[in-house]
2 protein chains.
Amino acid sequence: MKILVDAFGGDNAPLEVVKGSIEALKENKDFILSLVGDENKINEILSTLTYDKDRVEIIDAKEVITCEEEPTLAIRKKANSSIVVGLKTLKENEDYSAFISSGSTGAFLVGATLKLGRIKGVSRPALCPILPRLDGKNVLLLDAGANADCKPQNLVEFAIMGTEFARLNFGTENPKVYLLSNGTEDKKGNMLNLETFPMLKENDKINFIGNMEARDLLSSDADVVVADGFSGNIALKSYEGAVNTVLKALKSEIMASTSAKIGYLFMKKAFNNLRATLDYSSQGGAIFLGTQKIIVKTHGSAKAKTFKNAVLQAIEVAKSGVVEKMKEDFSLSGEE
Amino acid sequence: MKILVDAFGGDNAPLEVVKGSIEALKENKDFILSLVGDENKINEILSTLTYDKDRVEIIDAKEVITCEEEPTLAIRKKANSSIVVGLKTLKENEDYSAFISSGSTGAFLVGATLKLGRIKGVSRPALCPILPRLDGKNVLLLDAGANADCKPQNLVEFAIMGTEFARLNFGTENPKVYLLSNGTEDKKGNMLNLETFPMLKENDKINFIGNMEARDLLSSDADVVVADGFSGNIALKSYEGAVNTVLKALKSEIMASTSAKIGYLFMKKAFNNLRATLDYSSQGGAIFLGTQKIIVKTHGSAKAKTFKNAVLQAIEVAKSGVVEKMKEDFSLSGEE
């Protein structure tokens, strides 16, 4: 199995990307790492590291797509960019299983949809971050931003894809699916939700429980939470923002008091644990579900640890056979 | 000035409502408190408290609207409910300036719109919580849930109302207005936002800065953040949920370690300060902007302290003349 990593995506590329990906080689012996990007610069970094040279290849790509570029245009114009070269390699070679990038979210997702193609029956692939539930389990939120405007049928497809992912990757037999809404009652929601609710209820491939308020995202028993990409993005980013706000506010409270500073010394480890638990983005990337192969989007500010985790995660997801299973689901159901 | 309080709204009614409202009497000498609800039960509680009897009146209302009832139906059928009686009193008497309730959000807001009427030119009143920014200032989020589906013109009106509120109540000369979106770039957004953006940009009554991501809600310089009621509700509740999640996770980290427990003893005050800072809902209520008089919605789980703060807040908002100023704005502009 070969795992592609965009060495030139994100704020800390290429150094942190290469370092992190190389670390993953030590933890899992079953894959070949393919670094995509400027060969010379990648080699420069590799020369400072110790690793098994037989398990690393470089796919040269001199261009980089920036976050400022219009995604569709950039994908068309920059044929030699690390994103386009990586996607092309993934598409054309069976031994490549997944592609990870911290680069422009828009370009990466648009490119993946255009170059890899969608699974038949999936009208809109969805971005799916995995969030840490308070009870230690995980919850998949989709769509977290790939589709700003959705139709009810898109949300039903998200629910089916999310169910399959949770079953195969969280090991949950019968994943509980919720619809993100502005209240828990069945009749709550905007027009999109009110139309979607009965369709989720009636679909026998989904264990649909009901509406969920954003405040319960991490404290409920949900394995899968379905939303349009705009609302899902707002829920995800509010969570990120609030965690940062609390940690910052806590820090300034601590700095304002001598006794709190003393207390902090005793609690340092607890704080670090907390930060690690809440920082879902360092655990790996968000999965882009619905295309023909595994796509993993890591945070733009990701560091080595995240890239290491994302590589390991991509291997697990590829091994789980979720893409193959989704193809089966959608072909059986005739959802078009 | 008379301030109406629904003594039978919320989880902790009537005891906490009455206690908190009575406390407000001591901090502000310029108003009469009107408690709405079952006279006998209110008197029972009042008999245990010390206060200036000349400054308290009871308006009897034997019925209560529950959160389970369909709002519009409940408002029509329960003419003797505390919400309907309070709204009617507010509408018909000039010396009553504001009405506060912790009861059914739906019934309270629908009732307020129906009974008080909208300001001419405001097509949809909006629910506006006041959130604590990290720099110690405030940000008004609207709409946080009154209108699940919005049109661009609704959002423009929210921006105008929010601007007026921030100017008069936060003392900000030229309030900065942002549009909640799934990215900061001008071209980000769902169809609603993409249509709304240029309208906000062109409106000379608003100091529109641009799009804001939900993660920056509390860390930016925004005085006003505009959103449709569905997205706004999700942003607000994600924030509430994340704060709770962090505090809970922190607690379990502390409990898991002896040294952290010791640390906690030194930091207890810092934690309590933090909790008080982040718990925006104890500072008062969310303002319902766009009706003919001041409506304040307190959290369903509000306790005495919140009711005290909400009464003091309602007095300030009424004194600020925001309703009168909004009437002027909308009549001048001919926004219909």
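Residues numbered from 1 in each chain as written. Chains lettered and ligands numbered in written order. Predicted model: local features only at pLDDT ≥ 70, side-chain atom pairs only at ≥ 80, totals over all residues. Heavy atoms only, no water.

(A) A look at the relation of the copies chain B and chain A. Mapping chain B onto chain A is achieved by rotating through 180° and translating by 0.0 Å along the same axis, at an RMSD of 0.0 Å. Read as a symmetry element, the transformation amounts to a two-fold axis. Closest approach to the rotation axis within chain B is made by the C-alpha atom of Gly263 of chain B, at a distance of 1.8 Å. Of all interface residues in chain B, 100% are interface residues in chain A too; the two copies therefore contact each other through one and the same surface. (Least-squares fit on C-alpha atoms with pLDDT ≥ 70 in both. Contact = heavy atoms within 4.5 Å.)

(B) Region of interest: the sheet that holds strand S6 (residues 130-132) of chain A. All names here are of chain A. Strand order across the open sheet formed by 5 strands is S6-S7-S10-S8-S9, with mixed pairing between neighbours. The open sheet terminates on both sides in strands that have one partner only, identified here as S6 and strand S9 (207-213). Mean inter-strand twist for the sheet, computed between neighbouring axes without regard to direction, equals 30°. Sheet topology places strand S8 (residues 176-181) next to S9; 6 bridges connect them, and they run parallel. Opposite Leu180, over in S9, you have Met212 as the bridge partner. (Pairing = 2+ DSSP bridges. Helix = DSSP H or I, 4+ residues; strand = E, 2+ residues; numbered from the N terminus. Axes fitted to C-alpha atoms, helices over the stretch in contact; angles between N-to-C directions.)

(C) Broad picture of the interface of chain B and chain A. At the interface, 48 residues of chain B touch 48 residues of chain A. Of the roughly 4400 Å² buried where chain B meets chain A, counting both sides, 71% is carbon and sulfur surface. A salt bridge links Glu240 of chain A to Arg215 of chain B; the shortest N-O distance between them is 2.9 Å. Between the two partners, chain B and chain A, sit 10 residue pairs in polar contact (both at pLDDT 80 or more). If you list the elements that add at least two residues to the side of chain B that touches chain A, you get strand S8 (176-181), helix H7 (191-202), helix H8 (229-255) and helix H9 (258-278) of chain B. With 19 residues, H8 of chain B is the largest single contributor of residues to the side of chain B that touches chain A. Here the residues of the side of chain B that touches chain A sort into 25 nonpolar, 15 polar and 8 charged. (Buried area = accessible area lost by both parts, 1.4 Å probe. Salt bridge = Lys/Arg side-chain N within 4 Å of Asp/Glu carboxyl O. Polar contact = N/O pair within 3.5 Å; in protein donor to acceptor, adjacent residues only side chain to side chain. Nonpolar A, V, L, I, M, F, W, Y, C, P; charged D, E, K, R; others polar.)

(D) How the structure looks around a nonpolar patch on the surface. A surface patch of nonpolar side chains, amounting to about 550 Å² of accessible area, comprises Ile262, Leu265 and Phe266 of chain A together with Ile262, Leu265 and Phe266 of chain B. Contributions of two or more residues to the nonpolar patch are made by helix H9 (258-278) of chain A together with H9 of chain B. Among the structural elements, Ile262 of chain B can be located in helix H9. (Patch = residues over 30% accessible without salt bridge, like charges linked within 9 Å, V, L, I, M, F, W, Y side chains within 5 Å. Areas by Shrake-Rupley, 256 points an atom, 1.4 Å probe, with all protein chains shown as cover.)

(E) View of unusual backbone geometry. Here the bond from Ala13 of chain A into Pro14 of chain A is cis, since omega is 0°, no more than 30 degrees from zero. For Pro14 of chain A, the position within the fold is in the loop between strand S1 (2-6) and helix H1 (15-27).

(F) Molecular detail of the packing of helix H1 (residues 15-27) of chain B against helix H2 (residues 39-46) of chain B. All names here are of chain B. Contact geometry for H1 and H2: axes closest at 10 Å, N-to-C directions at 55°. Looking at the two axes, H1 sits oblique to H2. For the pair H1 and H2, the sense of crossing is right-handed. Residues Leu15, Val18 and Ile22 of H1 lie in contact with H2, whose contacting residues are Ile42, Ile45 and Leu46. (Parallel < 35°, antiparallel > 145°, perpendicular 65-115°, else oblique. Left-handed = near helix turned anticlockwise from the far one by under 90°.)

(G) Region of the structure containing the packing of aromatic side chains. Residue and element names in this part refer to chain B. Per the counting criterion, the structure on display carries 6 aromatic pairs over all chains. Ring geometry for Phe99 against Phe108: centres 5.4 Å apart, planes inclined by 85°, an arrangement best described as edge-to-face. The two residues Phe99 and Phe108 agree in class, both being buried. Directly above the aromatic system of Tyr51 lies the positively charged group of Lys53, at a separation of 4.8 Å from the ring centroid. (Phe/Tyr/Trp six-rings, centres within 6.5 Å; stacked < 30°, edge-to-face > 60°. Buried < 20%, exposed > 50% of the residue type's maximum accessible area, 1.4 Å probe, protein only. Lys NZ or Arg CZ within 6 Å of the ring centre and 35° of its normal.)

(H) Inspection of the sheet that holds strand S10 (residues 224-226) of chain B at higher detail. All names here are of chain B. Read across the open sheet, the 5 strands follow the order S6-S7-S10-S8-S9; overall the sheet is mixed. Strand pairing shows two members of the sheet lacking a second neighbour, strand S6 (130-132) and strand S9 (207-213), which therefore form its edges. Averaged over all pairs of adjacent strands, the angle between their axes in this sheet comes to 30°, without regard to strand direction. By the bridge criterion, 3 bridges tie S6 to strand S7 (residues 138-142) in an arrangement that is antiparallel. The residue of S7 that forms the bridge with Leu131 is Val139.

(I) Spotlight on the environment of Asn207 of chain B. All names here are of chain B. By secondary structure assignment, the location of Asn207 is in strand S9. Judged by relative accessible area, Asn207 falls into the partly exposed class, the value being 21%. Here Asn207 is in contact with Asn174, Pro175, Lys176 and Val177, once residues within four sequence places are set aside.

By themselves, these are just geometric observations and shouldn't be taken as functional.
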